[in-house]
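# Structural description and commentary
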Amino acid sequence: MERLPSLGKKGTIYAAALFFTCFSAFPFFWMLITAFKRDHDLFNPENNPFLFNEPATLEHLRLLFEQTLFMKYVVNTLVVGGAVVLITLVIAIPAAYSLARLAGRWGESLGIGIFLTYLVPPTLLFIPLSRIISMFNLGESLWSLILVYPTFTIPFCTWLLMGFFKSIPRDLEEQALIDGCTRIGAMVKVVLPLSTSGLLTVVVFAFTLSMQEFIYALAFISVSAHKTVSIGVPTELVRGDVFRWGPLMAAALISSVPVAVVYSLFLDRFIAGLTMGAIK
Amino acid sequence: MERVERTPAFSLGYVWERERFLAAVMIAPAALYTIALVGFPFVLAILYSLSDATTGDPTVRFVGLRTYGFLLQDPVFLKALQNTFVFTFASQILVLVLAKILALVLMEDFPGRRLVRFLILLPWTAPISLSVIGWLWIFDSVFSPLDWLARSLGLLGRPEALLGPEQNLYWLGRPFLAMASVVLVQTWRILPLATVILLAGLTAIPRDILDAAQVDGAGFWRRLFQVIMPLLLPVMSIAFLFGFVFTFTDMTVVYVLTRGGPINSTQVLASWAFFKGIEAGDLAQGAAIAFFLFPALAGLSALVLLLARRAEVS
Amino acid sequence: MAEVQVRAITKYFGEVKVLDDVSLATRQHEFLVLLGPSGCGKTTLLRIIAGLERPSRGEVSIGGRDVTGLPPRARNVAMVFQSYALYPHMSVAENISFPLRTQHMNRDAIREKVAWASGLFGIDRLLKRKPRELSGGERQRVALARAMVRMPNLFLLDEPLSNLDAKLRASAREELQTFQKRIGITTIYVTHDQVEAMGLGNRIVVMDKGRVRQIGTPLQVYWEPADTFVATFVGSPPMNLVEQGGVLVGFRPEDFLPLEGREEEDVERFQFEVTWVENLGAERLVYGKTAFQSKNGRVVSKLAPNIRVALEAGKTYTFAVPRLGIKLFDRDTGTRLRGVPIGRG
């Protein structure tokens, strides 16, 4: 492990940690305060913005849930997320198994190729995709997102799953074949139950990836009621030119924190899967 | 020498056991999905860029490189091109430096490390469009807490103040400041990703090498620059490349914070492609603009592969 | 119980030829051992018989039925891997019943058979445990129970004892042998340990570099080796080989004894200069040189404790080998002269 100079070592580390923590977390702290501050307090340039100069309020939250489409956005987001996870699992699991076990030498290159499609940016594809979407009359509907999001969840999750599947000893599958399973049977009865950690990670990441997606959603959907949280919050919580900052910050906070918590919990497994996929 | 014969497959009744057949069948859905919704649109984008299609008249009529030619003379496009490079390089260099420091800090064990880690990851783990909204409010022209802080410290709002006599800095209203703000937010957002990658690389350095360096009498700075950095180079390059790709092709920060303003001073290729191709409906121009992203990406993918292979060798 | 026939099996992994025209056949109820150094192809052959690999050329038949085109599940064979491959997410009972569940047997029948199989190996009290809670010996028994539970045609084992520590190995060997004799199932067993092979097998197939060198009973393989590879691989210390008169003369260390008291017997005499004596209690190993050039630079004599002749390093003695103990080999190819058949394939 690295050793910083012993003089004031602890102090330096604490200071640095504090600096970075403040830097990273400040906007969320700001969201938190703003969500509960009275308008009168918020929009007074004389007041110290870091303090509650007037007592806290829940009026922003009430407005958010009662007078905006926020809940609708949340529901839309969950629906899209769930559907995308399903599609991703159905397609990525066999693909990953095939690459990990069956494809041999060209499996390696194909695996890398698949991962590379993850790097093709949405800003390159959104124009032709928007045409394709309208051609199939899927414009303005959640189905456009459900159809398109797997293009980035599948490569990513296949790569992840490949790593997890490879870590399962071949012995076990061969024993299953001897014991009477077909190849697919061996995958279902032996490999999948032993990959629950990997499968869970894949579910979480497919879900969070689709929750965070902004560009395709912005390009395909402009009808308010069909928006997801990711685009709905930035674009809709504005009345004319006036930003309703209180409810806006509340919405942003409510939507960010759960995703962040879950994502953080699974980050270690994600890194493990990523590095396992890289190591042959 | 004898000819190597192909291993015969299982007999017909057991076609589902044949590995090659099974491999192809199991990977087909993923391959088809990718071809249909990535490969095909990619080709379509090329066609659009060589046409004069709009959403009003989407037929693809070949007009050659006319659109590209137009772009290369369009001052807004050229500004967007320049901005994209400035935006990307400025933020990524900042990210690398900060991530290196942060990774070193996180290697140490101190109380509250878990909480610190969670908070530091927030910019990456929280949905980006939502966290940028927070920054939008922070950079507000009237109510920015940063301005308030500056005013309280006497750096702003008085005739002799360091940052100027006005009450506010108009972070998003002035071209230079707007670009700085956008760079700051993008750095803020990519920092956790780079840190995590570097951390993984740091923990992978075998202890013996560090110990040997310490025994050899190398001080902290010498160890850092002569032992650790060279070993970390492949990982650092991967971190840089990931950050580069995500930044070069992204429009979220720009769109939410400035919409590309003021007067296109923060417009980047991705956002400009969006405004032209989606909002204005000029498919040809939008596609052509987006295609300027491609050379950088292709080159970078090749580099990623090269460096990934070298990273594995060690 | 089935006979296994393997005909002209050749296997390539890419450019490397791993098995070269291998043919053999088991007899009913036989315990056949595939013996050889690592890389000789014995495990590959076993896997081909199991159906986990397909041969590049050749056929496999089990019980008279050509199974070359059939996957493992259609061959009704059981296999025990070196790691035992116990399913970690299943209990012992579920592990044992797995081969029956894949056949969709009804639950009562399954329970009966699991009880029988676990009783056979004395693991009935372990049925609810998970593999990670078991010792090495217990895991092996679970693997065996799982293999036996559906009464397969053929029983294949890939070095199943190498993961056990030495003390356990001997008792496990005995258990295995008793069990096989009792059930009478045709068994093919792969090992690189020639002591194990000699102890377990009805017949041994000695393999090297993808080829079969000899098939025979342990005694045949030991006393009548078909070539110098078999002669030096089997037996510890290996057979002595000296070059004399244009051929290789081989004799086992136990046959290489002091001449004293045997002057009238039909023996071949050697002048033996002793360089080193190792007294191991149960035997004495005497290393030295003869007038002839030895294959591995020295000649060894193995003396039982009842031979009390005093031997000192540096001195030369007259040693002798009984005529019947002399085996002659071709100097260049290593094949045994005087036509000893490779084995009844």
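Residues numbered from 1 in each chain as written. Chains lettered and ligands numbered in written order. Predicted model: local features only at pLDDT ≥ 70, side-chain atom pairs only at ≥ 80, totals over all residues.

### Topic: the overall build of chain A
To keep things clear, this is the line we draw: Here a helix means four or more residues in a row that DSSP labels H or I, a strand means two or more in a row labelled E, and each is numbered from the N terminus. A radius of gyration in this sense is built from C-alpha atoms; the matching globule rule multiplies 2.2 Å by the number of residues raised to 0.38. What counts as a contact is two residues whose backbone-derived C-beta atoms lie within 7 Å of each other.
When its secondary structure is counted, chain A shows 14 helices and 2 strands. For chain A, the C-alpha radius of gyration of 23 Å lies well beyond 19 Å, the compact-globule estimate for 280 residues. Pairs at least 24 residues apart make up 76% of the contacts formed inside chain A by residues separated by at least 6 positions.

### Side note on the overall build of chain B
Note the cut-off: To sort residues by burial, count the other C-beta atoms lying within 10 Å of each one's C-beta; a count of 20 or more means buried, 12 or fewer means exposed, and anything in between means partly exposed. C-beta atoms are built from the backbone.
Of regular secondary structure, chain B possesses 13 helices and 0 strands. In chain B, the succession of α and β elements from N to C terminus is α-α-α-α-α-α-α-α-α-α-α-α-α. Compactness check: chain B gives a C-alpha radius of gyration of 26 Å against a globular reference of 20 Å for 314 residues, more than 25% above the reference. When its C-alpha atoms are laid out on the principal axes, chain B stretches across 90 × 70 × 30 Å. In chain B, which comprises 314 residues, the proportion classed as buried is 44%.

### Quick word on the sheet that holds strand S2 (residues 16-25) of chain C
All names here are of chain C. Filter applied, for reference: Two strands make a pair as long as DSSP finds a minimum of two bridges between them. The convention used is that axes are lines fitted to C-alpha atoms, helices contributing only their stretch in contact, and that angles between N-to-C directions extend from 0 to 180 degrees.
One open sheet holds the 4 strands; their spatial order is S2-S1-S4-S5, and the pairing between them is antiparallel. Two strands close off the open sheet at either side, each with one partner strand: S2 and strand S5 (65-66). Direction of pairing for strand S4 (residues 57-62) relative to S5: antiparallel, over a ladder of 2 bridges. Paired with Ile62 across the strands is Arg65, a residue of S5. Each of strand S1 (4-13), S2 and S4 is contacted by helix H1 (residues 42-50), which is oriented at about 120 degrees to S1, the strand it contacts most.

### Considering the interface of chain B and chain A
One frequently used descriptor of interface size is the decrease in accessible area upon assembly of the parts. Our working rule: Here the term charged refers only to Asp, Glu, Lys and Arg, the term nonpolar to Ala, Val, Leu, Ile, Met, Phe, Trp, Tyr, Cys and Pro, and the term polar to all other amino acids, Gly among them.
The partner chain A presents 80 residues to the 72 residues of chain B that form the contact. Here the side of chain B that touches chain A gets 16 residues from one element, more than from any other, and that element is helix H1 (residues 19-49) of chain B. Residues of the side of chain B that touches chain A, tallied by class, amount to 58 nonpolar, 10 polar and 4 charged.

### Some remarks on helix H3 (residues 107-120) of chain C
All names here are of chain C. How we decide: To estimate the expected span of a helix, subtract one from its residue number and multiply by 1.5 Å.
A rise of 1.5 Å per residue sets the reference length of H3, with its 14 residues, at 20 Å; its end C-alpha atoms lie 20 Å apart and thus fit the reference within 8%. Those residues of H3 that are buried are in contact with helix H2 (92-101) and helix H4 (136-148). Gly122 sits one or two residues past H3 and shows a positive phi near 70 degrees.

### With respect to the nonpolar core
As a reminder, the rule being used: By convention the nonpolar core is taken to be a set of buried residues drawn from Ala, Val, Leu, Ile, Met, Phe, Trp, Tyr and Cys and joined through C-beta atoms within 7 Å. An automatic or database domain assignment supplies the start and end points of every domain.
In terms of nonpolar packing, the biggest core is built from 259 residues, with C:Leu156 and C:Val205 touching the most fellow members. The leading source of residues in this core is helix H4 (residues 70-102) of chain A, at 14 residues. Looking at this core, you find at least three residues from each of domain 1 (3-57) and domain 2 (63-279) of chain A. C:Leu156 has contacts with C:Leu46, C:Ile49, C:Ala50, C:Val77, C:Ala78, C:Met79 and C:Ile188, leaving out every residue within four places of it along the chain.

### Some words on the confidence of the model for chain B
All names here are of chain B. Quick note on the threshold: A residue's pLDDT is the predictor's confidence in that residue, given on a scale from 0 to 100.
When pLDDT is averaged along chain B, the result is 81; 90% of the residues meet or exceed 70. Summarising per-element confidence for chain B, the mean pLDDT is lowest in helix H13 (residues 293-313) (72) and highest in helix H10 (residues 252-257) (89). Considering only residues more than four positions removed or in separate chains, one finds that residues 1-5, a stretch of pLDDT under 50, has 4 contacts. Scored by ipTM, the complex comes to 0.85, with pTM at 0.82.

### Description of the domain arrangement of chain A
All names here are of chain A. Assigned domains of chain A: these are domain 1 (3-57) and domain 2 (63-279). Centre-to-centre separation of domain 1 and domain 2, based on C-alpha positions: 33 Å. For the side of domain 1 that touches domain 2, the elements supplying multiple residues, two or more each, are helix H1 (9-36) and helix H2 (39-42). Looking at the side of domain 1 that touches domain 2 element by element, the count peaks at 5 residues for H1. Looking at the side of domain 1 that touches domain 2 residue by residue, the classes come out as 5 nonpolar, 1 polar and 2 charged.

### Considerations on the sheet that holds strand S13 (residues 257-258) of chain C
Through backbone hydrogen bonds, the strands of a sheet pair up, either in parallel or in antiparallel fashion. Residue and element names in this part refer to chain C. Pairing within the open sheet is antiparallel, and its 5 strands lie in the order S13-S18-S14-S15-S17. A strand with exactly one partner marks an edge of an open sheet, and here the two such strands are S13 and strand S17 (299-303). Pairing of S13 with strand S18 (residues 316-322) involves 2 bridges; the strand directions are antiparallel. From the neighbouring strand, Pro258 faces S18, where its bridge partner is Phe319.

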